[in-house]
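Chains, contacts and geometry: an overview
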Amino acid sequence: MVMRSEIDYEVVFRTGPALSAVLTPTLVIVAVNDAFLEVSGHRREDLLGRDLFDVFPPNPAAPEDSEQQGAQMLRTSLEQVMTTRRRDFMPLQRYDVEMADRPGVFEERYWSTVNTPVLGSHGEVRCILLICEEVTDFVRALRRSGAACEQDSLALQLQTLNDQLRRAHREQCETTSALSEAIERQRRLVQDASHDLRNPIAGLLTELQVALSDPGIDLQTILRKLVRDAERLNDIVTDLLALARVNSETRESERLIELAVFVGEELDRRTPGTPVLSRLDPHVCVRASVIRLARLLGNLLTNAERHAHTKIEVVVTADPPDAVLEVLDDGLGIPPEDRERVFERRYRREEARVRDPGGSGLGLSIAREIAQEHGGRLYAAEHHGGARFVLRLPLATERYRSNPTAGDGACRPI
């Protein structure tokens with residue numbers, strides 16, 4: 001015969017010797033045991049459904065470095081439990097209790113507290129179990145023995161150390177999380193880049209093997225294919241280098257640039273392809289890295305060339321407090337639902353995959369990161385008859401004119 005016993009856990013909780021309370025994630029009291037009521041001097045109906053710190057406010061007459069700090073430490077401990085979903089132990093704190101029959105009158109109390117999260121089936125914090133042990137008599141006994149100052153100092157030191165450890169733990173968790181995310185991003189990037197590099201490398205090897213095995217092959221045709229594969233490799237490596245530069249250059253590498261001159265020089269450097277029409281207002285100056293701004297503009301122009309039917313437009317204007325650079329094409333345009341997604345790393349619309357199967361899908365993402373590093377923003381705006389990318393950078397607060405002796409669209413004060 002198997003004997004079965006049913007345990008009434010509610011009775012076990014209510015009659016437990018340790019002072020215990022159950023709090024919601026918003027710190028509302030939903031249950032207390034008999035020991036908690038006896039020590040606090042409150043009735044159960046006066047506690048349930050109320051905020052913990054409304055029922056037990058800090059003692060306004062207590063020394064600021066003890067009672068006020070103890071209340072704040074308790075709140076911090078509870079918030080830490082919610083964030084980490086782990087138990088938090090508070091070795092010693094002063095937290096006076098307002099007498100239930102004498103509002104506004106507080107009795108000095110000392111506590112050792114453990115706050116424990118109760119997790120749901122999906123790992124969420126459903127409630128917090130607060131368990132206290134009152135050590136007021138112990139502290140008073142030390143005071144009577146002449147160790148009052150030493151004990152007060154020790155209590156304060158323990159509180160301060162506990163707070164410092166909690167902050168350090170929180171900062172460590174945040175740093176670890178950020179590092180994990182960075183490592184995962186780098187892992188995905190290396191994986192994706194390896195896949196992208198494999199195709200043009202395989203093409204190069206195939207064409208070279210064909211050329212070596214067939215002495216009568218047309219070398220000009222082979223060389224043209226090799227050049228295209230080499231250009232694709234160069235584009236991918238350039239994208240990877242640009243990603244490595246993001247967040248690595250210092251502010252010392254930035255300079256004042258007049259956008260009209262800068263854009264004109266960059267357009268002159270490009271190999272003629274799709275016709276580019278420009279409207280460049282003078283005296284529109286920004287502070288930026290020449291190398292990174294050139295990369296941003298180059299990525300926008302490359303994207304426009306991939307989608308344009310007959311022409312590309314580049315516009316530079318001032319719209320205080322911003323300098324505005326726009327790149328437009330007369331292609332199919334970008335649907336509203338994709339205007340943010342095109343800036344995601346590796347995301348490529350079907351049209352882009354068809355027009356350029358070997359693209360890396362990094363160009364627009366890199367361009368936006370460069371814009372953000374310079375305190376600006378890059379977005380896809382509405383445009384009838386094509387795509388329109390708008391770059392906004394903080395406009396230089398003074399008026400400048402181009403300095404022809406400096407090159408790279410540099411500015412000097414008027």
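Source: prediction; values computed, not measured. Here the residue index of a chain counts from 1 through its sequence in written order. Local features in this predicted model are restricted to residues of pLDDT 70 or higher, and side-chain atom pairs are both shown and tallied only at a pLDDT of 80 or more, whereas totals for entire chains, interfaces and linings draw on every residue. To obtain the side-chain values, all non-hydrogen atoms of the structure were included, while hydrogens and water were left out.

Here's the deal with the overall build of the protein
Our working definition: Counting from the N terminus, the helices are the DSSP runs of H or I reaching at least four residues and the strands are the DSSP runs of E reaching at least two. Categorising residues by exposure relies on relative accessible area from a 1.4 Å probe, with only protein chains included: less than 20% of the type maximum marks a residue as buried, more than 50% marks it as exposed, and the intermediate range marks it as partly exposed. The criterion used for residue contact is that any of the two residues' heavy atoms lie within 4.5 Å. Using a 1.4 Å probe, the Shrake-Rupley method yields the accessible areas, and only the shown protein chains count as cover for residues.
Scanning the protein for helices and strands turns up 12 helices and 16 strands. The buried share of the protein, taken over its 414 residues, is 42%. The contacts of the protein with a sequence gap of at least 6 include a subset with a gap of at least 24, amounting to 60%. Summed over its atoms, the accessible surface of the protein is roughly 23,600 Å², and 53% of this surface lies on carbon and sulfur atoms.

Observations concerning the nonpolar core
Stated formally: For this analysis, a nonpolar core means a set of buried residues of the types Ala, Val, Leu, Ile, Met, Phe, Trp, Tyr and Cys, connected via side-chain atoms within 4.5 Å.
Membership of the largest hydrophobic core comes to 38 residues, with the highest contact counts inside it found for Phe262, Val263, Leu293, Leu378, Phe389 and Leu391. Listed by contribution, the elements that provide at least two residues to this core are α9 (259-269), β10 (285-289), α10 (290-307), β11 (312-319), β12 (322-329), α12 (363-373), β13 (377-381) and β14 (388-394). Residue contributions to this core peak at 8 residues, all from α10. Formed by 26 residues, the second largest nonpolar core is a distinct cluster that contains Ile29, Val32, Val125 and Ile128.

Notes on the pairing of β14
For the record, the criterion: A pair of strands is treated as paired once DSSP finds two or more bridges between them.
Burial analysis of β14 places 5 of its 7 residues in the buried class, which makes it a mostly covered element. Bridge count for β12 against β14 is 7 bridges, and the pairing is antiparallel. Looking at β14, one finds that Glu326 is bridged to Val390. Inspection of the sheet shows β13 paired to β14 by 5 bridges, in the antiparallel sense. Along β14, the bridge assignment pairs Arg377 with Arg392. Hairpin connection between β13 and β14: a loop of 6 residues separates the two successive antiparallel strands, and Gly385 in this loop has a positive phi of roughly 95°.

Focus: the pairing of β10
The two faces of a sheet get side chains in turn, since along a regular strand they alternate between them. Within β10, 4 of the 5 residues are buried, leaving the element largely enclosed by the surrounding structure. Here strand β8 (residues 254-258) runs beside β10; their pairing, made up of 5 bridges, is antiparallel. The residue of β10 that forms the bridge with Arg255 is Ala288.

Focus: the UniProt feature "domain: PAS" (unreviewed entry) in the protein
For clarity, the cut-off: UniProt positions are given in the numbering used here, feature names are shortened, and annotations may be inferred rather than shown by experiment.
Cross-referencing UniProt, the feature "domain: PAS" (unreviewed entry) maps to residues 29-59 in the present numbering. Span residues 29-59 is 48% helix and 13% strand, its end C-alpha atoms 20 Å apart.

Here's the deal with unusual backbone geometry
In the segment running from Pro320 into Pro321, the intervening peptide bond is cis, with an omega of 10°. The residue Pro321 is located in the loop between β11 and β12 in this model. Although it is not a glycine, His283 sits at a positive phi angle of roughly 60°. Along the chain, His283 falls in the loop between β9 (276-280) and β10.

Side note on the packing of aromatic side chains
Heads up, the rule is: Pairing of aromatic rings covers Phe, Tyr and Trp, the last through its six-membered ring, and needs centres within 6.5 Å; plane angles under 30 degrees mean stacked, over 60 mean edge-to-face, and all others mean tilted.
A full pass over the atoms with the stated rule returns 2 aromatic pairs. When the centroid spacing of 5.9 Å and the interplanar angle of 70° are considered together, the rings of Phe36 and Phe56 count as edge-to-face. Note that Phe36 is positioned in helix α2 (residues 34-40) and Phe56 in the loop between α4 (52-55) and α5 (64-84), a separation of 20 residues in sequence. Ring geometry for Phe343 versus Phe389: centroids 5.9 Å apart, planes at 85°, classification edge-to-face. Placement of Phe343 in the loop between β12 and α11 (350-355) and of Phe389 in strand β14 is noted, with a sequence separation of 46 residues between them.

Side note on the sheet that holds β12
Short version of the rule: Helix axes use the C-alpha atoms of the stretch in contact, all axes being lines fitted to C-alpha atoms, and the angles between their N-to-C directions lie in the range 0 to 180 degrees.
Taken in spatial order, the 5 strands make up an open sheet running β9-β11-β12-β14-β13, and their pairing is mixed. Strands with a single pairing partner mark the edges of an open sheet, and in this sheet they are β9 and β13. Taken pair by pair, the neighbouring strands of this sheet meet at an average axis angle of 15°, ignoring direction. Contacting β13 and β14, α12 runs over the sheet at an angle of about 135° to β13.

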